[in-house]
Amino acid sequence: ASALDFKVRGADPYATPSTVMTLLGGGNVGINTSSPEATAHVSNAVAAGSDNLALRIQNPTNASDARIGIGFHVNAVTGSGWDGAYIQSANTGSDSGDLRFGSVTNNTLTERMRIDASGNLGIGVLPTNVSGYTTLNVGAGSIGSIIKIDGANSGHYHRILNNNGQLFIQADQGNTTGSSAI
């Protein structure tokens with residue numbers, strides 16, 4: 001397959017240029033790799049333990065609630081009918097941001113989960129900041145909320161069920177089920 005290499009030369013005009021981007025004949029693009037294995041393949045080698053941001057997406061707007069994100073388009077419809085999912089960051093107005101996850105139906109974004117700048121997590125609801133604590137908030141469905149923690153063995157699980165403001169811990173060990181309210 002044919003390839004187009006983009007090369008740069010350092011300050012020394014006689015030095016051998018380095019390849020910084022490769023475009024393969026099949027359409028894959030590699031940045032800092034000459035063998036891209038995906039449509040866009042970015043390689044950024046750094047020492048172990050170092051922060052490694054191979055891709056940075058920026059919205060330079062400083063206003064509160066300025067947003068930037070990535071959309072995942074999963075159908076052939078273009079324009080206002082696309083469906084999929086998204087990951088988005090938003091400026092909360094105090095030089096900190098949050099991370100939002102959601103679904104997209106007919107180009108309408110619906111937030112499903114948020115991690116705020118304090119590390120609080122909200123699923124189906126906004127996270128609640130309780131001073132001194134990291135919180136998990138789960139939105140209630142028509143009959144309550146379920147947090148399920150699966151065990152290693154098939155059919156054996158523990159479930160925490162928040163139903164009408166009560167917390168239940170339920171264990172299923174084969175044919176024996178037990179629960180208690182806290």
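Please refer to the structure higher up on the page.
Residues numbered from 1 in each chain as written. Predicted model: local features only at pLDDT ≥ 70, side-chain atom pairs only at ≥ 80, totals over all residues. Heavy atoms only, no water.

(A) Layout of a nonpolar patch on the surface. On the surface, a cluster of nonpolar side chains totalling about 570 Å² of accessible area is made up of Leu55, Ile57, Ile70, Phe72, Ile87, Leu99 and Ile115. Here Phe72 shows up in strand S5 (residues 67–73). (Patch = residues over 30% accessible without salt bridge, like charges linked within 9 Å, V, L, I, M, F, W, Y side chains within 5 Å. Areas by Shrake-Rupley, 256 points an atom, 1.4 Å probe, with all protein chains shown as cover. Salt bridge = Lys/Arg side-chain N within 4 Å of Asp/Glu carboxyl O. Helix = DSSP H or I, 4+ residues; strand = E, 2+ residues; numbered from the N terminus.)

(B) Region of interest: the environment of Ser43. Inspection of the secondary structure assignment puts Ser43 in the loop between strand S4 (40–42) and S5. Look at Ser43 and you get partly exposed, because its relative accessible area is 28%. C-alpha of Ser43 to C-alpha of Ala54: the two residues are 11 residues apart in sequence and 6.8 Å apart in space. (Buried < 20%, exposed > 50% of the residue type's maximum accessible area, 1.4 Å probe, protein only.)

(C) Highlighting the sheet that holds strand S9 (residues 121–123). Spatially, 6 strands are ordered S5-S6-S7-S8-S9-S10 in an open sheet, and the strand pairing comes out mixed. One side of each edge strand has no neighbouring strand; the edge strands of this open sheet are S5 and strand S10 (136–138). Across the sheet, the axes of successive neighbouring strands diverge by a mean angle of 25°, strand direction being ignored. Where S5 lies against strand S6 (residues 84–91), 7 bridges are found, and the strand directions are antiparallel. Across the sheet, Arg67 pairs through a bridge with Ala90, a residue of S6. (Pairing = 2+ DSSP bridges. Axes fitted to C-alpha atoms, helices over the stretch in contact; angles between N-to-C directions.)

(D) Seen up close, the pattern of salt bridges. One pass over the full model with this rule turns up 5 salt bridges. We note a salt bridge from Arg100 to Asp98, for which the minimum N-O separation is 3.0 Å. Here Arg100 and Asp98 have matching classes, each one buried. Each of Asp65, Arg67, Asp98, Arg100, Glu111 and Arg114 takes part in salt bridges that share partners, so that together they form one network.

(E) Layout of the sheet that holds strand S2 (residues 18–24). Taken in spatial order, the 4 strands of this open sheet run S1-S2-S3-S4, and their pairing is mixed. With one partner strand each, in any of the chains shown, strand S1 (3–8) and S4 form the two edges of the open sheet. Going from strand to strand, the sheet's axes swing by 15° on average, the running direction of each strand aside. Where strand S3 (residues 29–31) lies against S4, 3 bridges are found, and the strand directions are parallel. When the sheet's bridge partners are listed, Ile31 is paired in S4 with Val42.

(F) Main features of the pairing of S2. As judged from the 6 bridges shared by S1 and S2, these two strands associate in the antiparallel manner. Its bridge partner being in S2, Leu4 is matched across the sheet by Leu23. As paired strands, S2 and S3 are joined by 3 bridges and run antiparallel to one another. Bridge assignment links Thr22 to a residue of S3, and that residue is Gly30. A loop of 4 residues connects S2 with S3, the two strands running antiparallel in sequence, and Gly27 in this loop sits at a positive phi of about 110°.

(G) Region of interest: the side chain of Arg114. Within the fold, Arg114 resides in strand S8 (residues 108–115). Residue class for Arg114 comes out buried when judged on its relative accessible area of 14%. Of the polar contacts made by the side chain of Arg114, one reaches the side chain of Glu111; its length is 2.8 Å. Leaving out residues up to four positions away in the same chain, Arg114 has contacts with Asp98, Leu99, Arg100, Asn120, Leu121, Gly122, Leu126 and Pro127. (Polar contact = N/O pair within 3.5 Å; in protein donor to acceptor, adjacent residues only side chain to side chain. Contact = heavy atoms within 4.5 Å.)

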